[in-house]
Amino acid sequence: MDNVNQTLLTELILVGFTQNFQACILLFVLFFIMYILTILGNCFLIFTIIVSPQLHTPMYYFLCNLSSIDLGYTSCSIPKVLLDLVSKTRTISVTGCLIQMNFGLFLGTTECILLAVMAYDRYIAICFPLHYTVIMSWRVCNSITVIMWLISFIATLIPNIIKTFVFCSKNQLNHFACEILVVLELSCGDLTTVKTFMIYSSFVLLISPLLFIVVCYICIIISILKIHSAGGRSKAFSTCASHLTVVLMFYGTSMT
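Report follows, based on the coordinates. Note that the structure is a prediction, hence the values are computed from the model and not measured.

## Here we look at helix H3 (residues 58-75)
1) Next: The end-to-end C-alpha distance of H3, which contains 18 residues, comes to 26 Å, matching closely the 26 Å that a straight helix rising 1.5 Å per residue would cover.
2) Next: Along H3, the residues that are buried comprise Pro 58, Phe 62, Cys 64, Asn 65, Leu 66, Ser 67, Ile 69, Leu 71, Gly 72 and Thr 74.

## So, the state of the cysteines
1) Next: Scanning all chains against the criterion turns up one disulfide.
2) Next: Residue pairing for Cys 97: its cysteine sulfur links by disulfide to Cys 178, the two sulfurs lying 2.1 Å apart. One disulfide, between Cys 97 and Cys 178, carries an S-S torsion of -120° and so falls in the left-handed class. Of this pair, Cys 97 sits in helix H5 (residues 94-127) while Cys 178 sits in the loop between strand E3 (172-173) and helix H8 (180-186); the two residues are 81 residues apart in sequence, bridging distant segments of the chain. A single burial state applies to Cys 97 and to Cys 178, both of which are buried.

## Section: the sheet that holds E3
1) Next: Pairing in this open sheet of three strands is mixed, and the strands run E2-E1-E3 from one edge to the other. Each edge of the sheet is formed by a strand with only one pairing partner; in this case those strands are strand E2 (91-93) and E3.
2) Next: Two strands pair when backbone bridges link them, and strand E1 (residues 11-14) and E2 are joined in this way by three bridges, in the antiparallel orientation. Within the sheet, the bridge partner assigned to Glu 11 lies in E2 and is Ser 93.
3) Next: In the packing of H5 onto the sheet, the strands contacted are E1, E2 and E3, and the crossing angle to E2 comes to about 85°.

What counts, and where the lines are drawn
Residues numbered from 1 in each chain as written. Predicted model: local features only at pLDDT ≥ 70, side-chain atom pairs only at ≥ 80, totals over all residues. Heavy atoms only, no water. Helix = DSSP H or I, 4+ residues; strand = E, 2+ residues; numbered from the N terminus. Expected span 1.5 Å × (residues − 1). Buried < 20%, exposed > 50% of the residue type's maximum accessible area, 1.4 Å probe, protein only. Disulfide = S-S within 2.5 Å. Pairing = 2+ DSSP bridges. Contact = heavy atoms within 4.5 Å. Axes fitted to C-alpha atoms, helices over the stretch in contact; angles between N-to-C directions.

The following block contains the structure:
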């Protein structure tokens, strides 16, 4: 009987936002403006890097990857959020929810690794400038990129292999998007193995990159303090400012 009930749930209800019409319109306008600015900003950045030969360096290559991830990450959930804000029925199919969850998890994991790679790139550029072109050659950069995307794909695939997510009774997601933790709360059956994997993978793929970034920047700061020229110090710090800002924003929102 349980198996029959499990197959009946084909839709889930997203209840993350208020039902107040005026509040929803305000949120729609805010989200829509931010989404358009995100799309335009990232597309402009990618286009500029591609058409400018002087920007064909490892730093901007990884920045282009970061912009592509940001485009995909926002586009996998925000369009649905915008639709729900102006819709009376905020439903999503189980298949659509799982696709959104896996796509977001895949891109989020990739961004964690990429931020660590970019920190390593800045570390080599500042601490070993004479060997930078050798250490961060295009062959190395391409290999790092392939490995990074492959690890993220495998890490996203494993929870789906461990257990097929089934929704048997509750159909209300207390969120505006299908995030992994919310989906796990709603899913039926024994989730011990999946949750254990998520804990360990979170440490490896979320905390470990952060610790690596911290170590890289400690080494960078020590190296910069050894520079006698104030202009040299300022230039070195400026090359890390944008990356540090992204790291603080990403981990600040991820851990709240």
